[in-house]
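# A look at the structure
The residues making up each chain are set out below.
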Amino acid sequence: MSEMAAAQWRIVLGEAHKALRTAVEGVPADAWDRPTPCDQWTVTQVLQHATGDQLAFASAIVGGPGPTEDPFAPSGRIEGDKVVDLRAALDASARAWASVADDDPQVPTPLPQGTLPAPVGAVACALDAAVHAWDIATATGQASPLGEDLARPLLVVARQIVEPLRNYGAYAPAITTDPEADEVGVLLAYLGRDPRWSAGKR
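The rules we used
Note on numbering: residues in each chain are counted from 1, in written sequence order. Given that the model is predicted, a residue must reach a pLDDT of at least 70 before its local features are reported, and side-chain atom pairs must reach 80 or more before they are shown or counted; all residues, however, enter totals for whole chains, interfaces and linings. By convention in this description, side-chain values take in all heavy atoms of the structure and omit both hydrogens and water. Here a helix means four or more residues in a row that DSSP labels H or I, a strand means two or more in a row labelled E, and each is numbered from the N terminus. Computation of the radius of gyration draws on C-alpha atoms alone. For the globule rule, the value is 2.2 Å times the number of residues to the power 0.38. Classification of residues uses two cut-offs on accessible area relative to the type maximum, computed with a 1.4 Å probe and protein chains only: under 20% is buried, over 50% is exposed, and between them is partly exposed. Every residue pair with non-hydrogen atoms within 4.5 Å of one another is taken to be in contact. Residue-level accessible areas treat just the shown protein chains as cover; the underlying method is Shrake-Rupley with a 1.4 Å probe. With axes taken as lines fitted to C-alpha atoms, and helix axes fitted only over the stretch in contact, angles between N-to-C directions fall between 0 and 180 degrees. For any helix crossing, the convention is left-handed if the near helix is rotated counterclockwise from the far helix by under a right angle, and right-handed if that rotation is clockwise. Under the grouping applied here, Gly and all other residues not named as nonpolar or charged are polar, the nonpolar ones being Ala, Val, Leu, Ile, Met, Phe, Trp, Tyr, Cys and Pro and the charged ones Asp, Glu, Lys and Arg. Here, nonpolar core refers to any group of buried Ala, Val, Leu, Ile, Met, Phe, Trp, Tyr and Cys residues whose side-chain atoms link them within 4.5 Å. Here a polar contact is recorded for every N or O atom pair within 3.5 Å, except that within protein the pair must consist of a potential hydrogen donor and a potential acceptor, and residues adjacent in sequence are included only if both atoms are side-chain atoms. Aromatic pairs are defined between Phe, Tyr and Trp rings, using the six-membered ring for Trp, whenever the two ring centres lie within 6.5 Å; interplanar angles under 30 degrees are classed as stacked, those over 60 as edge-to-face, and all others as tilted. By definition here, a salt bridge exists when the distance from a side-chain nitrogen of Lys or Arg to a carboxyl oxygen of Asp or Glu is within 4 Å. Each residue after the first adds 1.5 Å to the expected span of a helix. Consider a residue and the seven residues that end there alongside the seven that start there; fitting an axis to each set, the bend is the angle between those axes.

### Side note on the overall build of the chain
Of the regular secondary structure elements, the chain holds 7 helices and 0 strands. Going from the N terminus to the C terminus, the chain shows its helices and strands as α-α-α-α-α-α-α. In terms of C-alpha radius of gyration, the chain reaches 16 Å, essentially the compact-globule figure of 17 Å for 202 residues. Here the C-alpha coordinates of the chain stretch approximately 45 × 45 × 30 Å along the principal axes. The buried share among the 202 residues of the chain stands at 47%. Once local pairs closer than 6 in sequence are excluded, the contacts in the chain between residues at least 24 apart make up 71%. Approximately 9600 Å² of the chain is accessible, and the part contributed by carbon and sulfur atoms is 51%.

Structural data, given as structure tokens:
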């Protein structure tokens, strides 16, 4: 990432966290079992996965508890308030990244790549939050929380980190991009998601 982008990684992370929190808080009470762009996963399962990923980043950086659900086989069952664990995970992630220097060259991450420079690791964490925010918002009829300003730096980092992650099932194979797609569409297609996905056309 460029020096200017590196100086902005905290903003990108904050915007991604806000997008995920907003999308989850906007889920209608009867929508938690709806299908999502994450094949065969419900809204609840995507929430569990996204919550676990934020805890995993926090735990890698500062220690503390990691995910309580298998991130690749979330149960789809949450007792009580479905938002409270996400809020705690986002807070833990934000605190962990706040302890990291802007230009730290080796920040521990839960990714197979291990340590990454702070701007790359933080935006990787943001990428996870923002894309799952899109999954949840799209599945529940909300406006997309993922705009071009946020997609732009996410795409830069996605192209650096995603290929090895496909081998672990973290991302589906890339799909063909519509020649007229904006940066949000390009990002989603690169991550194996159809930007025009809807529950009715699965």
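### Points about the packing of helix H2 (residues 9–25) against helix H6 (residues 148–166)
Where H2 meets H6, the closest approach of the two axes is 10 Å, and the angle between their N-to-C directions is 115 degrees. Of the two elements, H2 crosses H6, and the hand of that crossing is left-handed. Contacts between H2 and H6 pair Val12, Glu15 and Ala16 from the former with Leu150, Pro153 and Leu154 from the latter. Considered class by class, the residues forming the contact of H2 with H6 number 5 nonpolar, no polar and 1 charged.

### Concerning the nonpolar core
Residues Trp97, Leu127, Leu146 and Leu154 are the most contacted members of the largest nonpolar core, which totals 66 residues. A total of 16 residues in this core trace back to one element, the largest contributor, which is helix H5 (residues 118–139).

### Observations regarding unusual backbone geometry
Even without glycine at this site, Gln40 takes up a positive phi of about 75 degrees. Here Gln40 shows up in the loop between H2 and helix H3 (43–62).

### A look at the side chain of His17
Inspection of the secondary structure assignment puts His17 in helix H2. A polar contact of 2.8 Å, which involves the side chain of His17, links it to the side chain of Gln54. Apart from the residues within four sequence positions on either side, His17 is in contact with Gln54, Leu90, Ser93, Ala94, Cys125 and Ala129.

### With respect to the environment of Asp81
Within the secondary structure layout, Asp81 lies in the loop between H3 and helix H4 (84–98). Of the polar contacts made by the side chain of Asp81, one reaches the backbone nitrogen of Val83; its length is 2.8 Å.

### Concerning the packing of aromatic side chains
For the structure shown, the criterion picks out 2 aromatic pairs. Note on Trp9 and Trp97: the rings are 5.7 Å apart at their centroids and 70 degrees apart in plane angle, and the pair reads as edge-to-face. In this pair, Trp9 sits in helix H2 while Trp97 sits in helix H4, placing the two residues 88 residues apart along the sequence. Pair check on accessibility: Trp9 and Trp97 agree, each one buried.

### Some thoughts on the pattern of salt bridges
Tallied over the entire structure, the rule returns 8 salt bridges. One salt-bridge network, held together by shared partners, links Asp149, Arg152 and Glu183.

### Some words on H6
Between its first and last C-alpha atoms H6 spans 24 Å; for 19 residues at 1.5 Å apiece the expected length is 27 Å, and the helix comes up short by more than 12%. Its maximal kink placed at Arg159, H6 deviates by approximately 45 degrees. Taken residue by residue, H6 has Leu150, Ala151, Pro153, Leu154, Leu155, Val157, Ala158, Ile161, Val162, Leu165 and Arg166 as its buried positions. Close packing links the buried residues of H6 with H2, H5 and helix H7 (183–190).

By themselves these figures say nothing about function.
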